[in-house]
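Coordinates in review
Each chain, written out:
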Amino acid sequence: ALVKLATCNLNQWAMDFQGNLARIKESIKEAKSQGCTFRTGPELEITGYGCEDYFLETDTFLHSWDSLADILKSGLTEGILCDIGMPVMHRNVPYNCRVICLNGKIIGIRPKFYLANDGNYREMRYFTPWFIDPAKPGFGEIEQYYLPVRIQELTGQTRVPLGIFAVSALDTVVSFETCEELFTPNAPHIQLSLDGVEIIANGSGSHHQLRKLDKRIELVKGATKKAAGVYLYANMKGHDGGRLYFDGCAMIWVNGNLVAQGSQFLGLDEVEVIVATVNLSDVRAERASFIARSFQASSAPTVHREEISFRLCAPNPLALAPSPYIEPRIHSPMEEIAYGPSAWLWDYLRRSAMRGFFLPLSGGADSSSTATLVAIMCQRVVEELQSGTERSKTQTLSDIRKITRRPDYTPKDAKDLCSKLFVTCYMASQYSGQETRSRAHQLADEIGAVHTSILIDDICSSLKDTFSKIEFHTGSVPKEQLKTDPRMQGGTWMENIALQNIQARSRMVMSFFLAQLMPWATDGDTSRGGMLLVLGSANVDEALRGYYTKYDCSAADINPIGGINKRDLKAFLEWAGKHKGIRVLQRVADAKPSAELTGAEGEQSDEVDMGMSYDELGDLGFCRKVEKCGPLSSFLKLRARWAERDITPSIRARGDQAPRTQDEKVAQKVKDFFWYNAVTRHKMTTLTPSYHAENYSPDDNRFDLRPFNGCPTFDAQFAAVDQAVKAAAAL
């Protein structure tokens, strides 16, 4: 009983109905051309997953049915069972659904009943979970869905079943899960497999997060190893309009063994169809020989079946051979950093109608990481032109010519492409050092960017001069009492910070100014027009600590490293230096991080200024977000983890107030972190949209929701920490 099945990675774009439709149709065509009798696709593939509040508009549902009507009348579903993701409104209630089609007709509509509603997901803002009475066995009743008039006229059907069901073909049974349902403790595939469903398809919208893929693989593997069966996993692959990158990796598993796997990042083809031939006799034999499983199955609740007069298995089993087992492919974290954000950048650029990228390149680790990601993006684009599918080569070349405004341009190599769409600028001040200037110039030269430099001292002096001429018209504050000549050295702490901030903010103003005027620098032709996207380079740890100036160079259009911690960025620079041929990156990685706002590199240290190391920040951020710890719980965890670690000196508790014992030092570090996180939380509301990569991201948009004017003293919480320190000392 051999059956050929197809799943896919699709690079869908939210609300791009025409583009999404074309990619769906292409995937069905390819599946049919390879002899498949079943095809599944990603979650909400007709609309794109990330439509967000567009799902609150009834037009979105209307246009979804228009797209499905196009698929049905195209003849593409003739001879192939298709599982398509789209939103459906039933009795004025919106559902996230799978629509099952065959031979130009709709077999049924399967709504999602466990919705993703944590982290980056807000599905219950837009959709309602399908209700299943927990007091009754099985998956509830089937209701009748009355089709839109145009679909009735097209298919000759008035209504179709809506609910949780299996499709019973003449030779096997197929059913469905949707994304989050796989991750739940009591996942639907358990009951489905016990009731004899042999093939389960999961249309997913799962985004990339560092070191996450292995969990997804283990879940799919476990779904077929314990209960036996065939499992198809489909996913989006690409940037669909927001902070997330959907990382593909469509898979087909049989009895706990992988037989087909799509790419997670590599390749820029918008349509990737994954095909495997599986032997259903293996599923039946595995299940029948597991006696305890058979005993449970004999009394398992029955899922409703929709019967179809159609065979999925090949009529001649000798014409096919089962796909061999393969080992899962999992990228290293450094490869994830290289290939996830670089693909996100390419999708964003080609879909933004902008001319390229502009980056303030300081020669430090953060901006050098951003520049390296643009370089890797260019390398991948050129590789796609050389080794991609014909479809992808055509699309990629069209995108290149649209971005560069050059209708006949074909890049010679990655550096040539980089020179047409990437401008960097070293924005020097009197405090900048020759070492960072040298590294920035060498990095731009090695990757092919158009490199420039400016001095911001005149801008800062002009701001100071303007401030000195301030006039008071109310008479309540005598001007002579005002310090109209603030000083970096010899002045107050507030003067020092204010002068640092105008340096940082002037760089932001110049960045956007240059981004509007610099596209001509890439070819010397001012008639081509266009603007550059300004790239940011603030990392996740500095955002947690609030260690950046509001509206400085962290204020950009997008930030590819905003969800990545400093430890990973340093390792990434070392990796890219070795594997991507950018020699200067080792020098960058070896340098001590410095803002160079009060002195050159070596004279000003980020970690000294912050009063905590990047390693400490990473651990504290993980406790706070991932482990859901407040100050007391963080202290109790970290006193064990940091038992042998040297703790950086606090900048809030000094002199006689400085902590002395290890527990006191850990406690003070926890207090410092929560205090700074609270008092600088307002900065999160203006943080540049960043690539989501780390599970302790402080992104205020939807991932980490907290007051931006919260109480920073944590009186009760810090008192509990102090009490715990005393209790530990008394042991």
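Here the structure is shown first, and the text comes after it.
Parameters and conventions
- Residues numbered from 1 in each chain as written.
- Predicted model: local features only at pLDDT ≥ 70, side-chain atom pairs only at ≥ 80, totals over all residues.
- Heavy atoms only, no water.
- Helix = DSSP H or I, 4+ residues; strand = E, 2+ residues; numbered from the N terminus.
- Rg over C-alpha atoms; globule rule 2.2 N^0.38 Å.
- Buried < 20%, exposed > 50% of the residue type's maximum accessible area, 1.4 Å probe, protein only.
- Contact = heavy atoms within 4.5 Å.
- Areas by Shrake-Rupley, 256 points an atom, 1.4 Å probe, with all protein chains shown as cover.
- Salt bridge = Lys/Arg side-chain N within 4 Å of Asp/Glu carboxyl O.
- Core = buried A, V, L, I, M, F, W, Y, C linked by side-chain atoms within 4.5 Å.
- Pairing = 2+ DSSP bridges.
- Axes fitted to C-alpha atoms, helices over the stretch in contact; angles between N-to-C directions.
- Parallel < 35°, antiparallel > 145°, perpendicular 65-115°, else oblique.
- Left-handed = near helix turned anticlockwise from the far one by under 90°.
- Nonpolar A, V, L, I, M, F, W, Y, C, P; charged D, E, K, R; others polar.
- Lys, Arg positive; Asp, Glu negative; His and termini not counted.
- Polar contact = N/O pair within 3.5 Å; in protein donor to acceptor, adjacent residues only side chain to side chain.
- Expected span 1.5 Å × (residues − 1).
- Arc of directions from axis to C-beta.
- Phe/Tyr/Trp six-rings, centres within 6.5 Å; stacked < 30°, edge-to-face > 60°.

Some thoughts on the overall build of the chain
Scanning the chain from terminus to terminus reveals 24 helices and 20 strands. Its C-alpha radius of gyration of 29 Å places the chain within 12% of the 27 Å reference for a compact globule of 731 residues. Once the C-alpha set of the chain is aligned to its principal axes, its extents read approximately 90 × 75 × 55 Å. Residues classed as buried in the chain amount to 58% of the 731 residues present. Put simply, of all contacts in the chain between residues at least 6 apart along the chain, 73% involve residues at least 24 apart. As displayed, the chain offers around 29,800 Å² of accessible surface, 52% of which is attributable to carbon and sulfur atoms.

Some words on the pattern of salt bridges
In this structure the tally under the stated criterion is 43 salt bridges. In this structure, the salt-bridge partner of Arg-39 is Glu-45, at a minimum N-O distance of 2.7 Å. Across this residue pair, the class does not change: Arg-39 and Glu-45 are buried. Here Lys-671 and Asp-722 are joined by a salt bridge, their closest N and O atoms 2.4 Å apart. Residue Lys-671 is located in helix H23 (residues 662-679), and its partner Asp-722 is located in helix H24 (residues 715-729); the two are separated by 51 residues in the primary sequence.

A few points about the nonpolar core
Residues Leu-345, Leu-349, Phe-357, Met-377, Phe-422, Ile-447 and Phe-572 are the most contacted members of the largest nonpolar core, which totals 60 residues. Tallying contributions element by element places helix H11 (residues 365-387) first for this core, with eleven residues. Discounting chain neighbours no more than four positions away, the residues touching Leu-345 are Phe-357, Leu-373, Val-374, Met-377, Leu-535, Ile-558 and Pro-560. Judged by nonpolar contacts, the second largest core, of 57 residues, contains Cys-8, Leu-10, Ile-24 and Val-220.

Points about the sheet that holds strand E20 (residues 532-534)
Strand order in this open sheet of four strands is E19-E18-E17-E20, and the pairing throughout is parallel. The outermost strands of the open sheet, each flanked by one partner alone, are strand E19 (450-455) and E20. The sheet shows a mean angle of 25 degrees between the axes of neighbouring strands, taken without regard to direction. Looking at chain direction, strand E17 (residues 356-360) and E20 are connected through three bridges and run parallel. Looking across to E20, one finds that Phe-357 is bridged to Leu-533. Along the sheet, helix H13 (residues 414-421) makes contact with E17, strand E18 (422-428) and E19, crossing E18 at roughly 65 degrees.

Topic: unusual backbone geometry
The residue Leu-44 is not glycine, and still its phi comes out positive at about 50 degrees. Among the secondary structure elements, Leu-44 is positioned in the loop between strand E2 (38-40) and helix H2 (58-73). For Leu-44, a relative accessible area of 1% corresponds to the buried category. With phi around 60 degrees, Arg-405 is a residue other than glycine that occupies positive phi space. In this structure Arg-405 comes out as partly exposed when scored by relative accessible area, which is 27%.

Brief notes about the pairing of E17
Counting buried residues along E17, five of its five residues qualify, which places the element largely inside the surrounding structure. Sheet analysis places E17 next to E18, joined by four bridges and oriented parallel. Across the sheet, the residue bridging to Pro-360 is Cys-425, located in E18.

Some thoughts on the environment of Ser-634
Position of Ser-634 relative to the elements: it lies in helix H22 (residues 631-641). Look at Ser-634 and you get buried, because its relative accessible area is 0%. As a C-alpha pair, Ser-634 and Leu-620 span 14 residues in sequence and 7.3 Å in three-dimensional space. With sequence-adjacent residues up to four places away left out, Ser-634 is seen in contact with Cys-623, Cys-629, Val-670 and Phe-674.

Digging into the packing of helix H10 (residues 333-352) against helix H12 (residues 390-404)
Axis separation between H10 and H12 bottoms out at 9 Å; the angle between their running directions is 60 degrees. With respect to their mutual orientation, H10 and H12 come out oblique. Pair H10 / H12 crosses with left-handed handedness. In this structure, H10 uses Trp-346, Leu-349 and Arg-350 to contact H12, whose residues at the interface are Gln-395, Thr-396, Asp-399, Ile-400, Lys-402 and Ile-403. Residues belonging to the contact of H10 with H12 are distributed by class as follows: four nonpolar, two polar and three charged.

Comments concerning the side chain of Asp-171
Within the secondary structure, Asp-171 is located in the loop between strand E8 (165-168) and strand E9 (173-178). Although Asp-171 is buried, it makes no salt bridge; Arg-311 carries the closest opposite charge, 4.9 Å away. Within polar-contact distance, the side chain of Asp-171 engages the backbone nitrogen of Leu-312 at 3.1 Å. Beyond its immediate stretch of four places on either side in the chain, Asp-171 contacts Glu-198, Arg-284, Phe-310, Arg-311, Leu-312 and Cys-313.

Let's talk about helix H7 (residues 213-225)
If you check H7, its first and last C-alpha atoms are 18 Å apart, about what 13 residues at 1.5 Å a residue would give, namely 18 Å. Buried residues of H7: Leu-213, Arg-216, Ile-217, Val-220, Ala-223 and Thr-224, and no others. Axial view of H7: buried residues confined to an arc of 125 degrees, hence all on one face. Those residues of H7 that are exposed and aimed more than 90 degrees away from the buried face are Lys-215 and Lys-225. The inward-facing, buried residues of H7 abut helix H5 (180-183), helix H6 (188-194), strand E11 (230-238), strand E12 (246-247) and strand E13 (251-254).

Considerations on the environment of Phe-572
By the secondary structure assignment, Phe-572 is in helix H18 (residues 566-579). Taking the C-alpha atoms as reference points, Phe-572 and Asn-316, 256 residues apart in sequence, are found 51 Å from one another.

A closer look at the packing of aromatic side chains
Counted according to the given criterion, the structure contains 20 aromatic pairs. Plain terms: the ring middles of Tyr-95 and Trp-130 are 5.3 Å apart, the flat faces sit at 70 degrees to each other, and that makes the pair edge-to-face. Linking Tyr-95 in strand E4 (residues 93-102) with Trp-130 in the loop between helix H3 (123-126) and strand E6 (143-146), this pair joins segments that are 35 residues apart in sequence. On the accessibility criterion, Trp-130 (6% relative accessible area) is buried.

With respect to the pairing of strand E1 (residues 2-10)
Counting buried positions along E1 yields eight of nine residues, so the element is predominantly enclosed. As paired elements, E1 and strand E15 (residues 271-279) share nine bridges and run antiparallel to each other. Bridge assignment links Cys-8 to a residue of E15, and that residue is Val-273. When E1 meets E2, the two strands line up parallel, connected through two bridges.

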